[in-house]
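Listed below are the residues making up each chain.
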Amino acid sequence: MVLVVLVVAAGFLILYMGWEQLTERVEVDTTQLVEIPRGAAPAQSIHILMQSGVVRYETPLRIYMKLIGAGPRIKAGDYYFPSPISALGVLQKLEEGGQGADKITVIEGWNRWDIAAAMAHIPTLKLHDGKEILKLMDNAHLIEDLDPTAKNLEGYLFPDTYFVYSTSTAKDLVEQMVSQFKSVWQTKLAARARALGRSVHDVVTVASIIETEAKLPEERPVVASVIYNRLTKNMTLSVDSTLVYASKLAGKWRGNGKVYQSDIDRDSPYNTRKYHGLPHGPVGSPSLASMDAAINPANTAYLYYVRNPKRNDGAHNFYTNPADFEIGVKALRDWEQKQKKR
């Protein structure tokens, strides 16, 4: 009986001491910036707070957070803490969120020039232009474990929103994009690609073309089937987005959305009107949906497609023979002429 009483008393004492440590207000440096990175686990966040001197006792806070399920509510960001402040006060701040961080959203289909230009406009990174970022994107070593043939990181800068903190660098951001690609690939696509014998390089290259061509989700697997059907028949892909990419590589793209004869005639491994097979590599950052379509194409006999002028949502008409395709092209040209006259 005495032992039970002692155990209970000890338990209450431990709880009391833990609560005292959680509620004790301590003096902190109000000018110190504390960064809680995106995706940090609760234990990692507490460790950062301990190292910064904002929290004195790790165990009580860790137990308390686990008991109330506070871990998922912690927000990444940059924090300045008032002084004095208790561990519970720190936790409240973490749930409210830190200083407004910059962020960049990589749009599906963006190429490395698009991403570099967007990064150059982020004040936190303090960049003069996108040239130094493009050099970082030439670091193919970041992806060589998945694609040893890659010459740069085109296609492997995954479309997503990335937060930029006070200590972030352009290099950090590029590495985050590649890391996110690897995570998505390994968890959602790798097993299926291996089963089909498709390489990462080919899947991402095909997916980057699908991303630029298919405007509707349901058309992605169909466009994929056209690409593979043409490859099987040794037909040129003749995709304008690859010509645009070749022109950008050569520094000749005029940026007005039009493909000129000089673009068509350009001698480049990305010119899919001139050369058979896939282009030299990806022409942009494909979405998960486009990569999934590249791995799981529709079962069709289509070899051609052209925009459907009867719809304004980017839909296409698909064809199995050149004669019907030419009729579709003429219908689109006629519609375009009517639009000009309006």
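Everything quoted here is computed from the prediction, not taken from an experiment.

Conventions adopted
- Throughout, a residue's number is its position along its own chain's written sequence, starting from 1.
- Restriction of local features to residues with pLDDT of at least 70 applies here, the model being predicted, together with a cutoff of 80 or more for giving and counting side-chain atom pairs; totals for whole chains, interfaces and linings are based on all residues.
- To get the side-chain values, all heavy atoms of the structure are used, and hydrogens and water are removed first.
- Counting from the N terminus, the helices are the DSSP runs of H or I reaching at least four residues and the strands are the DSSP runs of E reaching at least two.
- Only C-alpha atoms enter the radius of gyration; for comparison, a globular chain is expected to reach 2.2 Å times N to the power 0.38, where N is the number of residues.
- Relative accessibility thresholds used throughout: buried, under 20% of the residue-type maximum; exposed, over 50%; partly exposed, between the two (1.4 Å probe, protein chains only).
- Contact between two residues is taken to exist if any of their heavy atoms lie within 4.5 Å; hydrogens are not considered.
- The method behind every accessible area is Shrake-Rupley, applied with a 1.4 Å probe, and residues are considered shielded solely by the protein chains displayed.
- Two residue types count as positive, namely Lys and Arg, and two as negative, namely Asp and Glu; His and chain ends fall outside the count.
- For this purpose, a charge sits on NZ of Lys, CZ of Arg, CG of Asp or CD of Glu.
- Salt bridges are counted wherever a side-chain nitrogen of Lys or Arg sits within 4 Å of a carboxyl oxygen of Asp or Glu.
- To pair, rings of Phe, Tyr and Trp, with the six-membered ring standing in for Trp, must have centres within 6.5 Å; the planes then decide the type, stacked if under 30 degrees apart, edge-to-face if over 60, and tilted in the middle.
- We call a charge positioned over a ring when the NZ of a Lys or the CZ of an Arg lies within 6 Å of the ring centre and within 35 degrees of the ring normal.
- Grouping buried Ala, Val, Leu, Ile, Met, Phe, Trp, Tyr and Cys residues that are joined through side-chain atoms within 4.5 Å yields what is termed a nonpolar core.
- One number per residue, pLDDT, summarises how confident the predictor is, and it ranges from 0 to 100.
- Polar contact criterion, stated in full: a pair of N or O atoms within 3.5 Å, where within protein one must be able to donate a hydrogen and the other to accept it, and residues adjacent in sequence count only if both atoms are side-chain atoms.

## Considering the overall build of the chain
- In terms of helices and strands, the chain carries 13 helices and six strands.
- For 342 residues, the compact-globule estimate of 2.2 N^0.38 gives 20 Å, and the C-alpha radius of gyration of the chain, at 27 Å, exceeds that figure by more than 25%.
- Expressed along its principal axes, the backbone C-alpha trace of the chain runs to roughly 95 × 50 × 45 Å.
- Among the 342 residues that make up the chain, the fraction classed as buried is 42%.
- Long-range pairs, those at least 24 residues apart, make up 63% of the contacts in the chain with a sequence separation of at least 6.
- Accessible surface for the chain amounts to roughly 18,500 Å². Of this, 54% is attributable to carbon and sulfur atoms.
- Here the chain contributes 40 positive and 37 negative side-chain charges, whose respective centroids are spaced 7 Å apart.

## Description of the side chain of arginine 266
- Here arginine 266 is to be found in the loop between α11 (261–265) and α12 (288–295).
- Overall, the relative accessible area of 15% leaves arginine 266 in the buried class.
- In this structure, arginine 266 is in contact with Ala246, Ser247, Ala250, Lys252, Asn271 and Lys274, ignoring residues within four places of it in sequence.

## Overview of helix α10 (residues 240–249)
- Judged by how many residues are buried, α10 sits mostly within the fold: seven of 10 residues are covered.
- For α10, the full list of buried residues reads Ser241, Thr242, Leu243, Val244, Tyr245, Ala246 and Ser247.
- Next to the buried residues of α10 lie α5 (112–120), α8 (200–213) and α11.
- Of the residues flanking the end of α10, it is glycine 251, one or two places downstream, whose phi is positive at about 70°.

## Considering helix α4 (residues 87–96)
- Among the residues of α4, Ala87, Gly89, Val90, Leu91 and Leu94 are the ones counted as buried.
- One or two steps after α4, the chain reaches glycine 97, where phi turns positive at roughly 105°.

## A short note on the pattern of salt bridges
- Going through the model one piece at a time under the given rule, you end up with 13 salt bridges.
- Where glutamate 154 meets arginine 112, a salt bridge forms, and the shortest distance between an N and an O atom there is 3.4 Å. Residue glutamate 154 is found in the loop between α6 (131–136) and β4 (161–164), and its partner arginine 112 is found in helix α5; the two are separated by 42 residues along the sequence. The burial state of glutamate 154 is the same as that of arginine 112; both residues are buried.

## Let's talk about the packing of aromatic side chains
- Going through the model one piece at a time under the given rule, you end up with nine aromatic pairs.
- Taken together, a centroid distance of 4.9 Å and an interplanar angle of 20° make the contact between tyrosine 304 and phenylalanine 325 stacked. Separated by 21 residues along the polypeptide, tyrosine 304 in strand β5 (residues 304–307) and phenylalanine 325 in helix α13 (residues 322–341) bring together distant segments of the chain. Residue tyrosine 304 shares its accessibility class with phenylalanine 325, and that shared class is buried.
- An aromatic cluster of three or more residues is present, and its members are Trp113, Tyr245 and Tyr270.
- Stacked on the ring of tyrosine 260, the Lys or Arg arginine 254 has its end atom at 3.7 Å from the ring centre.

## Points about the nonpolar core
- Core analysis: the biggest nonpolar cluster contains 56 residues, and Met119, Leu173, Met177, Phe181, Trp185, Ile210 and Met291 have the highest contact counts within it.
- For this core, the secondary structure elements donating two or more residues are α5, β4, α7 (170–196), α8, α9 (220–232), α10 and α12.
- In terms of residue count, the dominant contributor to this core is α7 (11 residues).
- Ignoring anything within four residues of it in the chain, the contact list for methionine 119 reads Ile104, Leu125, Leu127, Ile133, Met137, Ala170, Leu173, Val174 and Met177.
- If you look at the next biggest cluster of nonpolar residues, it comprises 21 residues, including Val34, Ile74, Tyr79 and Leu91.

## Considering the side chain of threonine 272
- One can find threonine 272 in the loop between α11 and α12.
- When its relative accessible area of 1% is taken as the criterion, threonine 272 is described as buried.
- Beyond its immediate stretch of four places on either side in the chain, threonine 272 contacts Thr236, Leu237, Ser238, Val239, Thr242, Leu243, Gly277 and Pro279.

## A word on the confidence of the model for the chain
- Averaged over every residue, the pLDDT of the chain is 89; the share at 70 or more is 94%.
- Low pLDDT, under 50, characterises residues 2–13; the predicted model gives this stretch zero contacts beyond four residues in sequence or across chains.

## Notes on the environment of glutamate 24
- Counting through the fold element by element, glutamate 24 comes out in the loop between α1 (2–23) and β1 (34–36).
- The spatial distance from the C-alpha of glutamate 24 to the C-alpha of proline 84 is 9.2 Å, given a sequence separation of 60 residues.
- Excluding residues that lie within four positions of it along the chain, glutamate 24 makes contacts with Arg56, Tyr57, Ile85, Ser86 and Ala87.
- One polar contact links glutamate 24 to arginine 56, side chain to side chain, over a distance of 3.1 Å.

## Overview of the environment of valine 259
- By the element assignment, valine 259 lies in the loop between α10 and α11.
- A sequence separation of 197 residues divides valine 259 from arginine 62, and the C-alpha atoms of the two residues are 59 Å apart.
- Those residues in contact with valine 259, other than ones at most four positions away along the chain, are Asp240, Leu243, Val244 and Ile264.

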